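Examining the three-dimensional arrangement
The lines below spell out each chain.
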Amino acid sequence: MTMNYLKNGVTESCVDKNPSLNEIVNGVPFSKKYFYIVHLLDRVLFGEQNQRIQELLTAAILQDEILELHIFNEEKEFFVARNDDGLVAYEPLVHGTFNCKSKNKRVITRNYVIEKANQEKANQEKKYKRLVVKEYVDYDEENHLAYVEKTALYKLEGDEYGNK
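Nothing here was measured: the structure is a model prediction, and the numbers come from that model. (Residues numbered from 1 in each chain as written. Predicted model: local features only at pLDDT ≥ 70, side-chain atom pairs only at ≥ 80, totals over all residues. Heavy atoms only, no water.)

**What about the overall build of the protein chain?**
In plain terms, the rule: Strands here mean DSSP runs of E at least two residues long; helices mean DSSP runs of H or I at least four residues long; both are numbered from the N terminus. Categorising residues by exposure relies on relative accessible area from a 1.4 Å probe, with only protein chains included: less than 20% of the type maximum marks a residue as buried, more than 50% marks it as exposed, and the intermediate range marks it as partly exposed. Here, residues are in contact when the closest pair of their heavy atoms is within 4.5 Å.
In terms of regular secondary structure, the protein chain is built from 3 helices and 10 strands. Counting from the amino terminus, helix and strand elements in the protein chain follow one another as β-α-β-β-α-β-β-β-β-β-α-β-β. Looking at the 164 residues of the protein chain, the share that counts as buried comes to 41%. Of all intrachain contacts in the protein chain linking residues separated by at least 6 positions in sequence, the fraction that spans at least 24 positions is 57%.

And the structure:
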């Protein structure tokens, strides 16, 4: 399989209609364990990489059930989305490598609470309380405006006591 990435959504390149999960993940290898959020036709699942989820995601790819798939960790985020004829893989967002135009760039970390009902629906082995997202902010010198240049998923966290 050839991985073709959309850069800022500009090209029309698509991933093969039925790529395997290994082909998707190996197209953009992670050096550490990754997290995932997957939007299937009938539910949303999230959690940490493990054998059970790899089997579930592989089956979902083969059965053409994936609407969106986010694979991410502290290194990068990889995003795959449904297109007319299959799945489209977007260019990975690598943390810390965004080339902001100004010297005033900032990184804002945001934490989004995962509601208990969503945790129960996902039926996860570990309970995650928050989704951590990094926003890379740049400043437009000409217009004197700050703007979010890129937003990337970073990690899932348990509660403040380390219980997941």
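Once you've had a look at it, read on.
**Examining the pattern of salt bridges**
Defined as follows: The term salt bridge refers to a pairing of a side-chain nitrogen on Lys or Arg with a carboxyl oxygen on Asp or Glu at a separation within 4 Å.
Inspection of the entire model under this criterion finds 6 salt bridges. Salt-bridge contacts for D64 lead to R82; the nearest nitrogen and oxygen are separated by 2.9 Å. Residue D64 is found in the loop between α2 (51-62) and β4 (66-72), and its partner R82 is found in strand β5 (residues 76-83); the two are separated by 18 residues along the sequence. On the basis of relative accessibility, which here comes to 29%, the residue D64 falls in the partly exposed class.

**Overview of the sheet that holds strand β10 (residues 145-157)**
Going by this rule: Any two strands with at least two DSSP-identified bridges between them are counted as paired. Comment: axis = line fitted to C-alpha atoms, over the contacting stretch for helices; angle = value between 0 and 180 degrees taken between N-to-C directions.
Across the sheet, 3 strands lie side by side as β8-β9-β10; this open sheet has antiparallel pairing. Each edge of the open sheet is held by one strand with a lone partner, namely β8 (106-113) and β10. Averaged over neighbouring strand pairs, the angle between their axes works out to 25° when direction is ignored. Judged from the 8 bridges that link them, β8 and strand β9 (residues 130-140) form a sheet pairing that is antiparallel. Within the sheet, the bridge partner assigned to I108 lies in β9 and is E135.

**Points about the packing of aromatic side chains**
Spelled out, the test is: We call Phe, Tyr and Trp rings a pair once their centres come within 6.5 Å, taking the six-membered ring for Trp, and we label the pair stacked below 30 degrees between planes, edge-to-face above 60, and tilted otherwise.
Following the criterion strictly, the structure yields 4 aromatic pairs and no others. Judged by centre distance (5.4 Å) and plane angle (45°), the rings of F30 and Y34 are tilted. Judged by its relative accessible area of 15%, F30 falls in the buried class. For the ring pair F79 and Y90, a centre distance of 5.2 Å and an interplane angle of 35° mean the geometry is tilted. With F79 in strand β5 and Y90 in strand β6 (residues 86-90), the pair connects residues that are 11 residues apart, well separated along the chain.

**Some remarks on the confidence of the model for the protein chain**
As a general rule, the predicted coordinates of low-pLDDT regions are not to be interpreted in detail. Cut-off, in case you're wondering: Known as pLDDT, the predictor's per-residue confidence is scaled from 0 to 100.
Confidence along the protein chain averages 76 in pLDDT terms, with 68% of residues attaining 70 or more. The spread of mean pLDDT over the elements of the protein chain runs between strand β1 (residues 5-6), the lowest at 46, and strand β2 (residues 35-40), the highest at 92. Predicted confidence for residues 1-18 stays below pLDDT 50, and this span has 44 contacts to residues more than four positions away or in other chains.

**Quick word on α2**
Heads up, the condition is: Working rule for helices: expected span equals 1.5 Å times residues minus one. The directions from the helix axis to the C-beta atoms are what the arc is built from. Within 3.5 Å is the distance limit for a polar contact, defined as a pair of N or O atoms, with the added protein rule that one can donate a hydrogen and the other accept it, and that residues adjacent in sequence qualify only through two side-chain atoms.
For α2, with 12 residues, the first-to-last C-alpha span of 17 Å sits near the 16 Å given by 1.5 Å per residue. Looking at α2, one finds that the buried residues are I53, Q54, L57, A60 and I61. Buried residues of α2 fall within an arc of 125° about the axis and therefore sit on the same side. Across from the buried face of α2, at angles greater than 90 degrees, the exposed residues are Q51 and L62. Residue N50 occupies the N-cap position of α2, its side-chain oxygen lying 3.0 Å from the main-chain nitrogen of R52.

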